[in-house]
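Below, each chain spelled out in residue letters.
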Amino acid sequence: MRTKPYATSILVFDEVELLDVTGPMALLSAAGRQWNFQPFKLELVSAALGAVTTRSVVELTATRTFSTSGAVECLVIPGGYGARKAAEQHAVVDFVRRAASEAEFVLLIGNGALVAARAGLLDAGEIAVTPELAEELRTLGVSARLNAESGICASGKLLSAARSALALDLSCELVARTFGKKLASSLSGSLGVGWAGELEVVEIIGL
């Protein structure tokens, strides 16, 4: 079993959805406690260091900037109202494109798919979306299959959740794919997460 933590960057921006950030952070940081091991080294990454105001008006603190972020093995792209503005910012899109190209896994939550679309990550495969988001993504010319029926999808390195409420389930899926289903099941059971561990992976090429 791997003993080195996965370098995990979570993108943050003003009016990001709080649960999309804190949900994955809480679950991924809890994953190795029973082993006294840190499976994921978590960093909040933004355009500048310091406070980022979430949609819930709770401040988060970015610990890395796009230029100082190191290697990224797992990338989390959260949603929220602010994702629409973030998707229009060249610095954000450039970072996501670069980080996703080297990452082993890219997690999309809710409106985070808008940022991913601008970065060219949704040209193939399948992602979980709400019906409303599907309409927005179609206007951007996204060619990936937009699944508005499944709350979570796995497509190559892309793991996606249609809604913030599924951020914990999505994080369990990442744990399963990095450290095994046994740990993910134990973690989901102890935290009361309804992760079932039955996702099929759709292979994609070119990400």
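Cut-offs used in this document
Residues numbered from 1 in each chain as written. Predicted model: local features only at pLDDT ≥ 70, side-chain atom pairs only at ≥ 80, totals over all residues. Heavy atoms only, no water. Helix = DSSP H or I, 4+ residues; strand = E, 2+ residues; numbered from the N terminus. Buried < 20%, exposed > 50% of the residue type's maximum accessible area, 1.4 Å probe, protein only. Expected span 1.5 Å × (residues − 1). Arc of directions from axis to C-beta. Contact = heavy atoms within 4.5 Å. Salt bridge = Lys/Arg side-chain N within 4 Å of Asp/Glu carboxyl O.

Participant: What exactly am I supposed to notice about unusual backbone geometry here?
Facilitator: The bulk of non-glycine residues show a negative phi, and the bulk of peptide bonds are trans. Its identity as a non-glycine residue notwithstanding, Glu15 has a phi of 65 degrees, on the positive side. Here Glu15 lies in the loop between β1 (6–11) and α1 (18–30). On the basis of relative accessible area, Glu15 is assigned to the partly exposed category, the value being 31%. One non-glycine residue, Val57, adopts positive backbone phi at about 65 degrees. Take Val57: it is sitting in the loop between β3 (50–53) and β4 (59–62). Residue Val57 is classed as exposed on the basis of its relative accessible area of 67%.

Participant: Quick question: what am I supposed to make of helix α3 (residues 90–102) here?
Facilitator: The periodicity of an α-helix, 3.6 residues per turn, causes residues three or four positions apart to be oriented the same way. With 13 residues, α3 should cover 18 Å at 1.5 Å per step; its first-to-last C-alpha distance of 19 Å lies within 8% of that length. Restricting attention to buried positions, one finds in α3 the residues Val92, Val93, Phe95, Val96, Ala99 and Ala100. Axial view of α3: buried residues confined to an arc of 160 degrees, hence all on one face. Away from its buried face by more than 90 degrees, α3 exposes His90 and Ser101. On its buried face, α3 sits against β1, β2 (40–46), β6 (74–77), α2 (82–86), β7 (105–109) and α4 (112–118).

Participant: Help me out: how do you make sense of the pattern of salt bridges in this one?
Facilitator: Opposite charge on two side chains lets them pair, provided their charged atoms get close. On inspection of all chains with the given rule, the structure shows 8 salt bridges. Its salt-bridge partner being Asp94, residue Arg97 comes within 3.0 Å of it at the nearest N-O pair. One end of the pair is Arg97 and the other is Asp94, both in helix α3 and 3 residues apart, which spans about a single turn.

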